[in-house]
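Here is what each chain is made of, one letter per residue.
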Amino acid sequence: MDLRRIFPALFTKSEESPARSRDATIYLLRCIFLMGIRKPPAKFFVAYVLWSFTLNFCSTIYQPIGFLTGYISHLSEFSPGEFLTSLQVAFNAWSCSTKVLIVWALVQRFDDANAILDELDKRLTLPRERLQIHRAVSLSNRIFFFFMAVYMVYATNTFISAISIGRPPYQNYYPFLDWRSSTLHLALQAGLEYFAMAGACFQDVCVDCYPVNFVLVLRAHIYIFSERLRRLGTDPAETTEQRFERLVECIHDHKVILRFVNCLRPVISGTIFVQFLVVGLVLGFTLINIVLFANLGSAIAALSFMAAVLLETTPFCILCNYLTEDCYKLSDALFHSNWIQGQRRYKSTLLFFLQKLQQPITFMAMEVFPISVGTNISVTKFSFSVFTLVKQMNIAEKMAKSNKDE
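What counts and what doesn't
Residues numbered from 1 in each chain as written. Predicted model: local features only at pLDDT ≥ 70, side-chain atom pairs only at ≥ 80, totals over all residues. Heavy atoms only, no water. Patch = residues over 30% accessible without salt bridge, like charges linked within 9 Å, V, L, I, M, F, W, Y side chains within 5 Å. Areas by Shrake-Rupley, 256 points an atom, 1.4 Å probe, with all protein chains shown as cover. Salt bridge = Lys/Arg side-chain N within 4 Å of Asp/Glu carboxyl O. Helix = DSSP H or I, 4+ residues; strand = E, 2+ residues; numbered from the N terminus. Expected span 1.5 Å × (residues − 1). Phe/Tyr/Trp six-rings, centres within 6.5 Å; stacked < 30°, edge-to-face > 60°. Buried < 20%, exposed > 50% of the residue type's maximum accessible area, 1.4 Å probe, protein only. Lys NZ or Arg CZ within 6 Å of the ring centre and 35° of its normal. Contact = heavy atoms within 4.5 Å. 1 Å grid on protein atoms, 1.4 Å probe; cavity = no way out; pocket = protein on both sides within 12 Å on 5 of 7 lines; lining within 4 Å. Points joined across faces, edges and corners; volume = space filled by probe spheres on them. Nonpolar A, V, L, I, M, F, W, Y, C, P; charged D, E, K, R; others polar. Axes fitted to C-alpha atoms, helices over the stretch in contact; angles between N-to-C directions. Parallel < 35°, antiparallel > 145°, perpendicular 65-115°, else oblique. Left-handed = near helix turned anticlockwise from the far one by under 90°. Core = buried A, V, L, I, M, F, W, Y, C linked by side-chain atoms within 4.5 Å. Disulfide = S-S within 2.5 Å.

> Summarise a nonpolar patch on the surface; cite the residues concerned and give the values.
Taken together, the side chains of F45, V46, V49 and L50 define a hydrophobic patch exposed on the protein surface, amounting to about 380 Å² of accessible area. Positionally, V46 belongs in helix α3 (residues 45-74).

Here is the structure:
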């Protein structure tokens, strides 16, 4: 199998190839199309609508309801480990459904962002600049497939672990199905739960990985832009007017970069805010399950789930910190350009531009939390608070005792 031929965007192209920054999201956008939240194609309109309804009904709409209904109907039949396994996924499923709805409402902004990247690509004239974009594109797509692998490993591990002990993975409520009554009902419920969870994981990859894909290629363009700023005024063959035109072009490039950021900001703000609200609670339940109740199989599934939850915010928060540092380097690059010998008009324009560059690009989660490593650590630390609270109140021991008595 020629992987390069099937997935060409996973590999770095040569510097002679034209830059296509939009290829950094090529597999992401294809998967978003498969989520059923894009405009149906005219040729496969009915098939696409049916697929969209099936996937989103099972994973986006019914799955959170199925968790809640299952708790109400059969709470006394859960073991502590099964209850925590189900509960940790239930919170994440509710957040996933919310994030899918946010992306569904604002999905057109992904196309608008790619159109803006096309504008930035037109400014790439040097081979090393094109190579920088090619590297960002290949890294972005590899990260997307890594996310997909981690999320799907969790769904499959949980399914196999549950089936091996003769139970459905999450014990959701499905009308007309009682998995305790027969092997056929058990197989049907387990299959439905796996389909819904695999679909939710597929959706979660798309709604969690898109900020990483877009910001990686943005950082590549900012690095190229900083080198362009540093070269201002260094060409001795340029006239005074040409030098001023180069400065004006850089100001325009910066406006295009800010337009790209503002295009994505509402989507990122909403989805990351939702995830910040639940990540600490979900990780807390997972830690309790691993330490106190899980057997080997369920512990492996819980660890893979924990890795998936950490992937939902951590990589992007790290990128946001790097992005802030990149922006500070822009003002340094402009300051170190050859501006001392410039005319008054050139110097005054450069000073105003320098002040603008000193304002770093930042993302906020619904104007409440700054999206950064510090915020991510703060919400993650809440999981240890949940774990400590459960330990101090002996809730785990009471749950185990109650289950044993029954």
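And the narrative resumes.
> Describe helix α6 (residues 127-164), and please don't skip the residues or the numbers.
Here α6 contains 38 residues, and its C-alpha end-to-end distance of 55 Å stays within 8% of the 56 Å for a straight helix at 1.5 Å per residue. Positive phi shows up at G166, right after α6, with a value of about 75°.

> Hey, could you go over the packing of aromatic side chains for me, with residue numbers and the actual values?
Tallying each qualifying case throughout the model produces 18 aromatic pairs. Consider the rings of F316 and F363, whose centres lie 5.8 Å apart with planes at 55°: the pair is tilted. Placement of F316 in helix α10 (residues 314-335) and of F363 in the loop between α11 (344-357) and β1 (364-365) is noted, with a sequence separation of 47 residues between them. Take F316: its relative accessible area is 2%, and that puts it in the buried class. Aromatic rings pair up to connect F7, Y27, F144 and F145 into one cluster. A cation over an aromatic ring shows up here: R265 above the ring of F363, its NZ or CZ 5.5 Å from the ring centre. Directly above the aromatic system of F244 lies the positively charged group of R345, at a separation of 3.8 Å from the ring centroid.

> So what's going on with unusual backbone geometry? Which residues, and what values?
The phi dihedral of M366 falls on the positive side, at around 55°, and the residue is not glycine. Tracing the chain through its elements places M366 in the loop between β1 and β2 (369-370). M366 gets classed as partly exposed once you look at its relative accessible area, which sits at 45%. Located in the positive-phi region is E367, a residue other than glycine, with phi close to 60°. Relative to the helices and strands, E367 is located in the loop between β1 and β2.

> Outline the environment of S140, listing residues and values.
With respect to the secondary-structure elements, S140 resides in helix α6. Non-local contacts of S140, meaning those with residues more than four positions away in its chain, are made with A24, N213 and L216.

> Tell me about empty space enclosed by the protein, and please be specific about residues and values.
A complete count under the given rule lists four cavities of 30 Å³ or more for this structure. Lining the largest cavity we find 14 residues, and of these N92, M197, C201, D204 and F305 sit closest to its centre. Of all elements in the fold, only α4 (80-106), α6, α7 (183-230) and α9 (296-311) reach the threshold of two or more residues within the lining of the largest cavity. In terms of residue class, the lining of the largest cavity is built from 10 nonpolar, two polar and two charged.

> Requested: an account of the packing of α6 against α7, with residues and values cited.
It is at 8 Å that the axes of α6 and α7 come closest, and there the two elements cross at 160°. By the criterion of interaxial angle, the relationship of α6 to α7 is roughly antiparallel. Seen along the crossing, α6 lies across α7 with a hand that is right-handed. In terms of residue class, the contact of α6 with α7 is built from 27 nonpolar, six polar and four charged.

> I'd love a proper account of the environment of F225, names of residues and values included.
Locating F225 in the fold gives a position in helix α7. On the basis of relative accessible area, F225 is assigned to the buried category, the value being 1%. Taking the C-alpha atoms as reference points, F225 and L330, 105 residues apart in sequence, are found 7.8 Å from one another.

> Help me get a handle on the environment of R123, residues and values and all.
Counting through the fold element by element, R123 comes out in the loop between α5 (108-121) and α6. A relative accessible area of 24% places R123 in the partly exposed class. Taking the C-alpha atoms as reference, R123 lies 9.9 Å from C250; in sequence the two are 127 residues apart. In this view, R123 contacts E129, R228, E249 and D253; residues no more than four positions away in its chain are not counted.

> Account for the nonpolar core, naming residues and giving values.
Counting 100 residues, the largest nonpolar core has F110, L229, F363 and I371 as the members making the most contacts within it. Here the element with the most residues in this core is α7; it accounts for 20 residues. Among residues more than four places away in sequence, those in contact with F110 are L29, I32, V103, Y210, F214, L264 and V267.

> Describe in detail the state of the cysteines, supporting the description with residues and values.
Should the sulfur atoms of two cysteines be covalently bonded, the bond is a disulfide. Counting across every chain of the model gives zero disulfides. Of all cysteine sulfurs, the one in C320 lies closest to C317, which takes part in no disulfide; the gap is 6.2 Å. Since its relative accessible area comes to 1%, C317 is described here as buried.

> Got a sec to walk through the pattern of salt bridges? Specific residues and values, please.
When their charged atoms lie close together, side chains carrying opposite charge are able to pair. A full pass over the atoms with the stated rule returns 15 salt bridges. A salt bridge links E119 to R259, with the shortest nitrogen-to-oxygen separation between them at 2.9 Å. Separated by 140 residues along the polypeptide, E119 in helix α5 and R259 in helix α8 (residues 240-293) bring together distant segments of the chain. For D253, the salt bridge goes to R123, with nearest N and O atoms at 2.9 Å.

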